[in-house]
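Residue-level listing of the chains:
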Amino acid sequence: MIPNTLTPGTLLIAIAAFASSLAAILLLYGYVYRTDELRPVTLVAASTSTLSLVVAHTYLTYQFVVGDYTNAYVWQNSADYLALLYRLTGPYANHEGSILLWATLTAVVATWTVYSSRFEGRGANLAQSISLGIVAAFATMLVAQSPFTPIEVAFPDTPAGFVPPDGDGLNPLLVDPWMAIHPPITFSAYALLIVPFALGVTHFVSLFRGEDSVFDEWLGSMRQWLRVSWLLLTAAIVFGGIWAYGVLGWGGFWSWDPVETAVLIPWLALTGSLHAINRYGKTGEYPIFAPASATLVFPIVTFATTVVRSGVFRSVHSFAAGGIGTGILFLLGVTGTTAIALPFTYWFLEAEEGSRDADEPWLSRRTVYHGAVLAFGVLAFVSIWGLSFPVIRNAATGVEVSVGQDHYNLWSYPVVVVGLLAGGMYALLDLRRRKLAIGATAAVAVSTLVAAFIAPSANWYLSDPAAHDPLVYRIVGSVSVLSIVPPAAYFAGSWIWRYVDRIRGVPSRTFKIRETGIVLTHVGAAMLIVAVSFIYLFSTSASVAVVGIDDAGTDPEPIVEESPDGEYEVHVRNYETVEEPTIEEAARSPEEVLAVDEDASLVRGEITAIDSIDGTAIARLEDSSVWLAGADDSLFEEGDEVIARGTVFEGETAATDAQAFVYTDADNMGPVSDPPRDVHTPRVTSHELDVTVYEGGERVAEGTLAEQEYLHSQMNTNDAVIERGIAGDTYVVGSIDERSASITIDTYPLANQIWFGVVLMIVGMTAVTLADSRRDQ
C-alpha cells in the first residue's frame, strides 16, 4: 500500500536521492579501484537525479501557479490574490521550497562536472562523488520534510478530502520584486561552491595518498568557479540591501541583522580565498592555505544557511524560524569537519616547513599580502562571533543577550583601515617602488591618526560609547570618521597608479582587460567603504504628523504641515484606499463555487432563469447548476449581472438540476456596477497618499506613499518615496490609516556612491573573469 505521504512530487525527490546516492557510490568505487567500467551507469544515475529535481521544482511551481491547495506547502505560502510573479517565486518562499531550489541548482552543477571533459581522470571521480553526495544529502532532507506533503497529512485534523478555498498567503515582506530574484541568485552562488569544495577535498586526499596534487591542474577552473560565485553573491547582497532599504525602512541598507551578517561571512571568505589563490597562482605561496580556503567556503555557506533556516538565530526574517535545520546542521558538521581536519592534519603531519629567502626583508610584498588576506579572515571572525556569542551564552548560562551594531562596526573599523593601508602598500610594492611604498604608507598612517582627532561635531565620531563599554569601544568609538578617507584614497590611488604603469606599452588586449578589471574592483571597494562609513553616521531624520487626511481625498488644496524644527514643509493630497483583491476579483464564478468546499461564498454571474421552490425564490447563474436562493420574490431579475454573498448548501432537488444553492438576501447582493462592498473582506488594504516635501522652499521629494495592511497576517509594509541625488537620498516613508499619517523624512548622504562602488566591483570582477577565460582558451 502506498502511503498517502508519497505524492508524485515526493516520489521525484526520492528518485533523486536514490540516483544521486548511486552515482556518488559508483564514482567513489571508480576512484578507489581505478576503473571507469561503470561510467555509463553513473552518467544515467546523475542525469536521473538532476532531471527528477528539475521536474519536482517545476511541478511545485505549477502547483503554486494554479493554486493547488491540496499541497500544504502551497496553501501556507500562496493565495489567490497574489500576482503571477509571486506565484512563480512562491516555491522558494519558505524552508522546503528553498532547499529544493538549492538542491536542484546543486544537482545541475554536479552533473555538469560529470559530463564535462574538463573533469577527467582519477581525481575527478572523487570530486564528482563528493558533489553528488551533497546532492543526495539535500534530496534526503527533502524526502524527510517534503514540500509536497498533502494538507491532510500536515494537518491531521483536516476532514478527509477537504480542499481550502484559498491559500493562507505569502509573507507580506516577500511581496516585492527584489525578493523574487534575490533567492535564486543567492542559491546559484551557493551551488557553484560545491565544485571548489570537492576539488579541495580531493586535493588533500590525493596528497595523503602520495599521489600528484589535482590542485595545480584545476587551479584555473577553481578560480573561475569562485569568481562567478563571488559575482552572484555580491549581486544577491546588493539586491537584499535594496529590498531592506525600500521595504523594511531600517534607516539604511544594512542593520547587521543575523541573516544579512550570515550572507556577508561567505562573501568575506570568498574574497579572501580569491586573494590567496591568485597569490598561489603567481608565486606558489599558500600551498596549503589556498586550497584549504577554497574548501572552507562551502561549509561557511552552510553555516550561513543554518543561521537562516535553523531558527536558532533571531532575525527580522521571521519566515526563517524553525524548519529543516537538522539536515543542514548535519551537512555543516560533515563538510566543516572535512574542510578543517584535512588541511590541518596535512599541515601538522606532512607539510614541509616553509623558508624565506635570506635577503627578503620582513616588510616584503609577501608579508603585506599576508596582512591583507588576514584582514578578510578577521572581518569574517568578527561577524561569526557576533552571531554565535548570543547563542553560546544562552546555551551555557540560559541568559539571553544580544550583540549590537557597535560590535560589528567598531571591531571591523580598525581592521578595514589596516587592510586599506596594506592594500595600498602592496600595489606600490608591486611596482618595485619599495622606498616610496614604505614612505607613502607611513605618511598616510600619520594622516589617518591626525584625521582621527578631527571631528567638527559629535556626528563625526564613530560611536557614542558609555563609560562601562569595553575599552576598544571607547577608543575606536571616539575616532572621527574622517580617518577613513586617507587610507581609502591611498588605496584607490595606489591601484590606479599600478594600473597605469602596468598597461603602459603592453599590446595584449586580454592583459589590459584583466588589469582594468582589477583596478575597477579595488577602486569600487574604496568608494564603497567611504560611502558606507559616512552614510552610517550622517543620516538625519525628521517627522511630521498629519491629521484629517480623509479630507485630502476630495479637497483640491493640500494639507500642509511643518516638521517641529521647521526644516521641512510637507504637502499631502489625494488620500485613497485600494483593496486587494477587490470584491469584483474575489467573487467566484459558478464553476469556481462548485470546485471549492466552503460554507459561505461570494459569487458572481448573470441571472439566466428564475423559479421558486416551496416559497423560496431561486435564480440560475450563467445557465449553470449553481443557483441563488432568497426569501424575497422581488430579489432576482432575469438578465441582471450580480454579485452576492451567502451560505452554500447542496442542491439535489426534484425541481431543478442544481448542484449548489447560495442563500442570500438584499443586503448581501447587488449589481456588478454597485456591489455590496461591506460583505467583502480584502486580503490587503493599501492606504495611499500623494506627498511633496520642501526644504527651505525647495522641493526635495515628491511621490506616493503607501502603507499596506495585510489583514490576514496582521502585518504592515510600506512603500517609500526615494528622491535620489548626487549628494544622497531623501527618503520619505509614512505610517498611514484612514484618519492620519505620520510621515518621516530621512536623508542618506552618499547613498548612490554605495551603488556606484558596487557596480565598479561587479564590472571589474566580470572583466577579470572574462579575461582569464579568454586567456585559458
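Look above for the structure.
A brief look at the structure comes next. Everything numeric in this text was worked out from a predicted model, so none of it was measured. (Residues numbered from 1 in each chain as written. Predicted model: local features only at pLDDT ≥ 70, side-chain atom pairs only at ≥ 80, totals over all residues. Heavy atoms only, no water.)

Here we look at the overall build of the protein chain
Now for step 1: In terms of regular secondary structure, the protein chain is built from 22 helices and 15 strands.
Now for step 2: Seen through its C-alpha atoms, the protein chain measures out along the principal axes to roughly 110 × 80 × 60 Å.
Now for step 3: Counting over 777 residues, the protein chain shows a buried share of 53%.
Now for step 4: Accessible surface, the protein chain: about 34,700 Å² in total, of which carbon and sulfur atoms supply 59%.
Now for step 5: A distance of 25 Å separates the average location of the 39 positive side-chain charges in the protein chain from that of its 83 negative side-chain charges. (Helix = DSSP H or I, 4+ residues; strand = E, 2+ residues; numbered from the N terminus. Buried < 20%, exposed > 50% of the residue type's maximum accessible area, 1.4 Å probe, protein only. Areas by Shrake-Rupley, 256 points an atom, 1.4 Å probe, with all protein chains shown as cover. Lys, Arg positive; Asp, Glu negative; His and termini not counted. Charge placed at Lys NZ, Arg CZ, Asp CG, Glu CD.)

What about the packing of aromatic side chains?
Now for step 1: A full pass over the atoms with the stated rule returns 33 aromatic pairs.
Now for step 2: For the pair Y286 and Y369, a centre-to-centre distance of 6.5 Å together with 40° between the ring planes defines the contact as tilted. Of this pair, Y286 sits in the loop between α11 (258-283) and α12 (289-309) while Y369 sits in helix α14 (residues 365-397), and the two are 83 residues apart along the sequence.
Now for step 3: For Y369, a relative accessible area of 10% puts it in the buried group.
Now for step 4: Arranged with centres 5.7 Å apart and planes meeting at 75°, the rings of Y731 and Y748 form a pair that is edge-to-face. Taken as a pair, Y731 in strand β14 (residues 728-736) and Y748 in strand β15 (residues 740-749) lie far apart in primary sequence, 17 residues in all. When sorted by exposure, Y731 lands in the same class as Y748, which is buried. (Phe/Tyr/Trp six-rings, centres within 6.5 Å; stacked < 30°, edge-to-face > 60°.)

Describing the nonpolar core
Now for step 1: Counting residues in hydrophobic clusters, the biggest one holds 164 residues, and the most contacted among them are W102 and F138.
Now for step 2: Split by domain, this core shows at least three residues from each of two domains, domain 1 (361-480) and domain 2 (540-581 + 683-749).
Now for step 3: Those residues within four positions of F138 in sequence are excluded, and the remaining contacts are I99, W102, A103, T106, I328 and L331.
Now for step 4: One finds V570, V572, V700 and A701 within the second-largest nonpolar core, a separate group that totals 22 residues. (Core = buried A, V, L, I, M, F, W, Y, C linked by side-chain atoms within 4.5 Å. Domains from an automatic or database assignment. Contact = heavy atoms within 4.5 Å.)

A few points about the sheet that holds β15
Now for step 1: Across the sheet, which stays open at both edges, the four strands sit in the order β1-β15-β14-β13 with antiparallel pairing between neighbours. The open sheet terminates on both sides in strands that have one partner only, identified here as β1 (540-547) and β13 (721-724). The sheet shows a mean angle of 15° between the axes of neighbouring strands, taken without regard to direction.
Now for step 2: Sheet topology places β1 next to β15; eight bridges connect them, and they run antiparallel. Of the residues in β15, the one forming a bridge with S541 is D746.
Now for step 3: Packed onto the sheet, helix α19 (residues 509-538) meets β1 and β15 and runs at close to 140° relative to β15. (Pairing = 2+ DSSP bridges. Axes fitted to C-alpha atoms, helices over the stretch in contact; angles between N-to-C directions.)

Focus: the packing of helix α2 (residues 39-66) against helix α5 (residues 95-115)
In a packed pair of helices, the relevant descriptors are the angle between the two axes and the axis-to-axis distance.
Now for step 1: Two elements in contact, α2 and α5, have axes separated by 9 Å at closest approach and are oriented at 150°. One way to sum up the angle between α2 and α5 is to call them roughly antiparallel. In terms of crossing hand, the pair formed by α2 and α5 is left-handed. Contacts between α2 and α5 pair R39, L43, A46, S47, T50, L53, V54, A56, H57 and L60 from the former with G97, L100, L101, A103, T104, A107, V108, T111, V114 and Y115 from the latter.
Now for step 2: Of the residues assigned to the contact of α2 with α5, the class counts are 13 nonpolar, six polar and one charged. (Parallel < 35°, antiparallel > 145°, perpendicular 65-115°, else oblique. Left-handed = near helix turned anticlockwise from the far one by under 90°. Nonpolar A, V, L, I, M, F, W, Y, C, P; charged D, E, K, R; others polar.)

Observations concerning the pairing of strand β2 (residues 559-562)
A regular strand carries its side chains on alternate faces of the sheet.
Now for step 1: Here β2 pairs with strand β3 (residues 568-580) via four bridges, running antiparallel. If you follow I559 over to β3, its bridge partner there is V572.
Now for step 2: Between β2 and β3, which pair antiparallel and follow one another directly, the connecting turn spans five residues, one of which, G566, has a positive phi of 75°.

Re the environment of T338
Now for step 1: Here T338 lies in helix α13 (residues 325-349).
Now for step 2: The class for T338 is partly exposed, based on a relative accessible area of 25%.
Now for step 3: Between the alpha carbons of T338 and P299 there is a distance of 9.2 Å; along the sequence they are 39 residues apart.
Now for step 4: Excluding residues within four positions of it along the chain, T338 makes contact with V201 and P343.

Some details on a nonpolar patch on the surface
Now for step 1: Taken together, the side chains of I340, F344, W347, F348 and L349 define a hydrophobic patch exposed on the protein surface, amounting to about 620 Å² of accessible area.
Now for step 2: Structurally, I340 is set in helix α13. (Patch = residues over 30% accessible without salt bridge, like charges linked within 9 Å, V, L, I, M, F, W, Y side chains within 5 Å. Salt bridge = Lys/Arg side-chain N within 4 Å of Asp/Glu carboxyl O.)

Things to note about the environment of V481
Now for step 1: In this fold, V481 is placed in the loop between α17 (471-477) and α18 (485-503).
Now for step 2: Taking the C-alpha atoms as reference, V481 lies 48 Å from G133; in sequence the two are 348 residues apart.
Now for step 3: Other than its neighbours up to four places away in sequence, V481 contacts Y413, W460, L462, S533, F534, L537 and F538.

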